[in-house]
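Single-letter residue listing:
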Amino acid sequence: IGFDLKVHLPGGAQYYLVWDVEKAQKLVATNRIAEEYLPVDHLYEIARADEPNPDDLAIPGPILVAYTPIFRPPIIIIDGNHRVIAAYQENATQNVPVCILPEDVMLQAMAAEAFRTFYLWHKSIQQWLELETRDTEPQDVPIPKRFQYR
């Protein structure tokens, strides 16, 4: 079981990132990543599903969220998109259990080395571009404390 994300680059270029959800779940346990509760309406805004999938609603455990500082917003739901949609439709003001994978763990959860390479390449280019434009354009975007690397 995996989660894939199409990343669009300027000029029409694109690439994919794929996470291995089972590996991510094992990494959560191995790294003792604590379960937290976040407002479902915040997650609903970034969920990548149109409506709840009945098969996915029975999956136990928290929503898995990857911290990805190169994207805005800096988080991606890699497991539980359908559960977020269903929870939002049930009660848009509730908090739902999540485990936030820090960037290093998020990279380990990717399905192959190629995806880690693509991500790190993108991050390096982005950092270089920010250095090049630092004096001319503000690049600092505040990141909510709950999504900052720990």
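Our structure is the block above this text.
Since this is a predicted model, take the numbers as computed values, not measurements.

1. Digging into a nonpolar patch on the surface
- Residues Trp121, Ile125, Trp128 and Leu129 make up a contiguous nonpolar surface patch of roughly 430 Å² in combined accessible area.
- Position of Trp128 among the secondary structure elements: in helix α6 (residues 113–133).

2. Some remarks on the nonpolar core
- Leu17, Trp19, Phe71, Ile78 and Leu101 are the most contacted members of the largest nonpolar core, which totals 27 residues.
- Breaking this core down by element, the ones donating at least two residues are β1 (2–8), β2 (14–20), α1 (21–30), β4 (63–67), β5 (75–79), β6 (95–101), α5 (103–108) and α6.
- Ranked by the residues each element gives to this core, the list is headed by α1, at four residues.
- Setting aside residues no more than four positions away along its own chain, Leu101 makes contact with Ala24, Val28, Ile33, Leu64, Val65, Ala66, Tyr67, Ile78, Met106 and Ala109.

3. Some thoughts on unusual backbone geometry
- Across the junction of Arg72 and Pro73, the peptide omega takes the value -5°, indicating a cis bond.
- If you trace the backbone, Pro73 turns up in the loop between β4 and β5.

4. Here's the deal with the environment of Gly61
- On the secondary structure map, Gly61 appears in the loop between α3 (54–57) and β4.
- Each C-alpha atom, one on Gly61 and one on Pro97, is 7.9 Å from the other, the two residues being 36 residues apart in sequence.

5. Details of the sheet that holds β4
- Pairing in this open sheet of four strands is mixed, and the strands run β3-β6-β4-β5 from one edge to the other. Single-partner strands in this sheet number two, and they are β3 (36–39) and β5. Adjacent strand axes in the sheet meet at a mean angle of 50° when their direction is disregarded.
- Across the sheet, helix α4 (residues 81–90) is in contact with β4, β5 and β6; its angle to β5 comes to roughly 105°.

6. Here's the deal with the packing of aromatic side chains
- Per the counting criterion, the structure on display carries five aromatic pairs.
- On the numbers, 6.3 Å between centres and 70° between planes, the contact of Phe71 with Tyr119 is edge-to-face. Here the residue Phe71 occupies a position in the loop between β4 and β5, and Tyr119 occupies one in helix α6, the gap between them amounting to 48 residues.
- Accessibility expressed as a relative area gives 13% for Phe71, which makes it buried.
- You can call Tyr119 buried: its relative accessible area is 0%.
- Three or more aromatic residues joined by ring pairs make a cluster, and in this case those are Tyr15, Phe115 and Phe118.

7. A word on the side chain of Arg83
- Within the secondary structure, Arg83 sits in helix α4.
- One polar contact links the side chain of Arg83 to the main-chain carbonyl oxygen of Gly61, over a distance of 2.8 Å.

8. Description of the environment of Thr93
- Looking at the element boundaries, Thr93 is found in the loop between α4 and β6.
- Residue Thr93 is classed as exposed on the basis of its relative accessible area of 67%.
- Each C-alpha atom of the pair Thr93 and Asp41 lies 6.7 Å from the other, and the pair is 52 residues apart in sequence.
- Among the polar contacts made by the side chain of Thr93, one reaches the side chain of Asn91 at a distance of 2.8 Å.

About the thresholds
Residues numbered from 1 in each chain as written. Predicted model: local features only at pLDDT ≥ 70, side-chain atom pairs only at ≥ 80, totals over all residues. Heavy atoms only, no water. Patch = residues over 30% accessible without salt bridge, like charges linked within 9 Å, V, L, I, M, F, W, Y side chains within 5 Å. Areas by Shrake-Rupley, 256 points an atom, 1.4 Å probe, with all protein chains shown as cover. Salt bridge = Lys/Arg side-chain N within 4 Å of Asp/Glu carboxyl O. Helix = DSSP H or I, 4+ residues; strand = E, 2+ residues; numbered from the N terminus. Core = buried A, V, L, I, M, F, W, Y, C linked by side-chain atoms within 4.5 Å. Buried < 20%, exposed > 50% of the residue type's maximum accessible area, 1.4 Å probe, protein only. Contact = heavy atoms within 4.5 Å. Pairing = 2+ DSSP bridges. Axes fitted to C-alpha atoms, helices over the stretch in contact; angles between N-to-C directions. Phe/Tyr/Trp six-rings, centres within 6.5 Å; stacked < 30°, edge-to-face > 60°. Polar contact = N/O pair within 3.5 Å; in protein donor to acceptor, adjacent residues only side chain to side chain.

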